[in-house]
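# Chains, contacts and geometry: an overview
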Amino acid sequence: MFDLISFGVLTGFISGFFGVGGGMVLVPMLLLSGFLMKEAVAISIMQMVFSSSYGSFLNYKKAANVLKDGLIIGIGGSVGGLQSGYIISNVSNEFLQYLFIIILIFSIVKIFYSPSNEDTTTKSKNKFLLFVIGFCIGIIAMSIGVGGSIMLTPILIAFMNYDLKSATALGLFFVIFSSVAGFISISLHGQMLYAEGLTIGLSSLIGVYFGIKLKHIVKTSSYKKYILIMYVCILAMMIYKMY
């Protein structure tokens, strides 16, 4: 029980600070603790419902200007996330782990080459394209137990000219939609671990609060470095677990 609470607080802090659902941190920790990949995915998705909802509430005043785009992407993510239960029930644990690693590498490359400044002007956005992006990310993200911001943030920065902090705030908002849909889908397929997910989810709220407070203090140039360090550490954990 203490391990689960500790996992929750740490995951919540990372979720709030980096604007992620926390699954890319929580899933490797759960795997190292003896959970199977599908079990870790289920617990992670339930935790994300808590952390993303609370984190987006705390982010609202500083990210209100991007939430309209987040709503469109989020609806697409919900539709995509509803397919995750079927996918998890029909693919192997090993396939999900390899998919997780591929997405991590993609995100590291995109974030590394992204600008660090906060003065970028967002490009005009096609609503249908935003929906399609959300739909595709929702399917993949919920199937590997992450909220989707790990993929959405690099896309928003590289192709839609969002600054880094706005992109992470929007990414966390997206996680609300994708994680709720994933939770429903996985529950309907009998794959959810409610007790473990609830314990970690409630514990994560403490970490989310402090993570978001720190995020608003840190300079964007330093913030980018911290994100890259975290992504590389998670990649190393996943590779270590598999080999």
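Located above this text is the structure these notes cover.
Overview of the structure. (Residues numbered from 1 in each chain as written. Predicted model: local features only at pLDDT ≥ 70, side-chain atom pairs only at ≥ 80, totals over all residues. Heavy atoms only, no water.)

## A word on helix α2 (residues 23-32)
Helical geometry note: an α-helix holds 3.6 residues per turn, so side chains three or four residues apart project in the same direction. Applied cut-off: The cut-offs for exposure are 20% and 50% of the maximum accessible area for each residue type, with area from a 1.4 Å probe on protein chains only; residues under the lower value are buried, those over the upper are exposed, and the others partly exposed. Helix and strand definitions follow DSSP, with helices as H or I runs of at least four residues and strands as E runs of at least two, each counted in order from the N terminus.
Where burial is concerned, most of α2 is hidden: nine out of the ten residues are buried. Listed in full, the buried residues belonging to α2 are Gly23, Met24, Val25, Leu26, Val27, Pro28, Met29, Leu30 and Leu31. Positive backbone phi, approximately 110°, marks glycine 34, located one or two places after α2.

## Considerations on the packing of aromatic side chains
Each aromatic ring pair is summarised here by two numbers: the centre-to-centre distance and the angle between the ring planes. The following threshold applies: Two aromatic rings from Phe, Tyr or Trp, using only the six-membered ring of Trp, form a pair when their centres are within 6.5 Å; if the ring planes differ by under 30 degrees the pair is stacked, by over 60 it is edge-to-face, and anything between is tilted.
On inspection of all chains with the given rule, the structure shows eight aromatic pairs. Ring geometry for phenylalanine 13 and phenylalanine 17: centres 6.1 Å apart, planes at 5°, overall stacked. Here phenylalanine 17 and phenylalanine 13 lie together in helix α1 (residues 2-18), a separation of four residues that amounts to about one turn. The class for phenylalanine 17 is buried, based on a relative accessible area of 4%.

## Some thoughts on the nonpolar core
Spelled out, the test is: Definition of nonpolar core: a set of buried residues of the types Ala, Val, Leu, Ile, Met, Phe, Trp, Tyr and Cys, connected through side-chain atoms within 4.5 Å. Any two residues whose heavy atoms approach within 4.5 Å are treated as being in contact.
In this structure, Met24, Leu30, Phe100 and Tyr231 are the most contacted members of the largest nonpolar core, which totals 69 residues. Counting residues per element, this core draws most heavily on helix α9 (residues 164-188), which supplies nine residues. Ignoring anything within four residues of it in the chain, the contact list for methionine 24 reads Phe100, Leu104, Val146, Ile150, Met230, Tyr231 and Ile234.

## Details of a nonpolar patch on the surface
Selection rule: Patch membership needs two things, relative accessible area over 30% and no salt bridge, and members are linked within 9 Å if like-charged or within 5 Å if nonpolar (Val, Leu, Ile, Met, Phe, Trp, Tyr). Residue-level accessible areas treat just the shown protein chains as cover; the underlying method is Shrake-Rupley with a 1.4 Å probe. For this analysis, a salt bridge means a side-chain nitrogen from Lys or Arg found within 4 Å of a carboxyl oxygen belonging to Asp or Glu.
A surface patch of nonpolar side chains, amounting to about 580 Å² of accessible area, comprises Met1, Ile5, Val9, Ile206, Tyr209 and Phe210. Elements represented by at least two residues in the nonpolar patch include exactly α1 and α10 (194-215). Among the elements that make up the nonpolar patch, the one with the highest residue count is α10 (three residues). Here isoleucine 5 lies in helix α1. With relative accessibility at 36%, the residue isoleucine 5 sits in the partly exposed group.

## Brief notes about the environment of serine 179
Quick reminder of the rule: Each polar contact in these results corresponds to two N or O atoms within 3.5 Å; when the atoms are within protein, one needs to be able to donate a hydrogen and the other to accept it, and residues that are neighboring in sequence are counted only if both atoms are side-chain atoms.
With respect to the helices and strands, serine 179 occurs in helix α9. What serine 179 contacts, discounting residues up to four positions off in sequence, is Ile45, Met48, Val49, Ser52 and Met142. Of the polar contacts made by the side chain of serine 179, one reaches the backbone oxygen of valine 175; its length is 2.6 Å. Separated by 3.3 Å, the side chain of serine 179 and the backbone oxygen of isoleucine 176 make a polar contact.

## Here we look at the packing of α2 against helix α6 (residues 93-112)
What counts is decided by this rule: Throughout, an axis means a line fitted to C-alpha atoms (over the contacting stretch in the case of helices), and angles, computed between N-to-C directions, take values from 0 to 180 degrees. For classification purposes, an angle smaller than 35 degrees is called roughly parallel, one larger than 145 roughly antiparallel, one from 65 to 115 roughly perpendicular, and anything else oblique. It is the rotation of the near helix from the far one that decides the hand of a crossing: anticlockwise by less than a right angle makes it left-handed, clockwise makes it right-handed. Lys, Arg, Asp and Glu make up the charged group, whereas Ala, Val, Leu, Ile, Met, Phe, Trp, Tyr, Cys and Pro make up the nonpolar group; the residues left over, Gly among them, are polar.
Where α2 contacts α6, the two axes come as close as 12 Å, and the packing angle between them is 140°. It follows that α2 is oblique to α6 by the angle criterion. Along this stretch, α2 crosses α6, giving a crossing that reads as left-handed. Facing Gly23, Met24, Val27, Pro28 and Leu31 of α2, the residues of α6 in contact are Gln97, Phe100 and Leu104. Residues belonging to the contact of α2 with α6 are distributed by class as follows: six nonpolar, two polar and no charged.

## Observations concerning α10
Basically, it comes down to this: Multiplying 1.5 Å by the helix residue count minus one yields the expected span of that helix. The quantity called bend is, for any residue, the angle between two axes fitted respectively to the seven residues ending at it and the seven beginning at it.
End to end, α10 covers 30 Å across 22 residues, agreeing with the expected 32 Å (1.5 Å per residue, within 8%). At leucine 205, α10 shows its largest bend, some 30°.

## Some remarks on the packing of α6 against helix α8 (residues 149-160)
Where α6 contacts α8, the two axes come as close as 9 Å, and the packing angle between them is 30°. With respect to α8, the axis of α6 lies roughly parallel. Regarding α6 and α8, the two cross each other, and that crossing is left-handed. Contacts between α6 and α8 involve Ile103, Leu104, Phe106, Ser107, Lys110 and Ile111 from the first element and Ile150, Met151, Thr153, Pro154, Ile157, Ala158 and Phe159 from the second.

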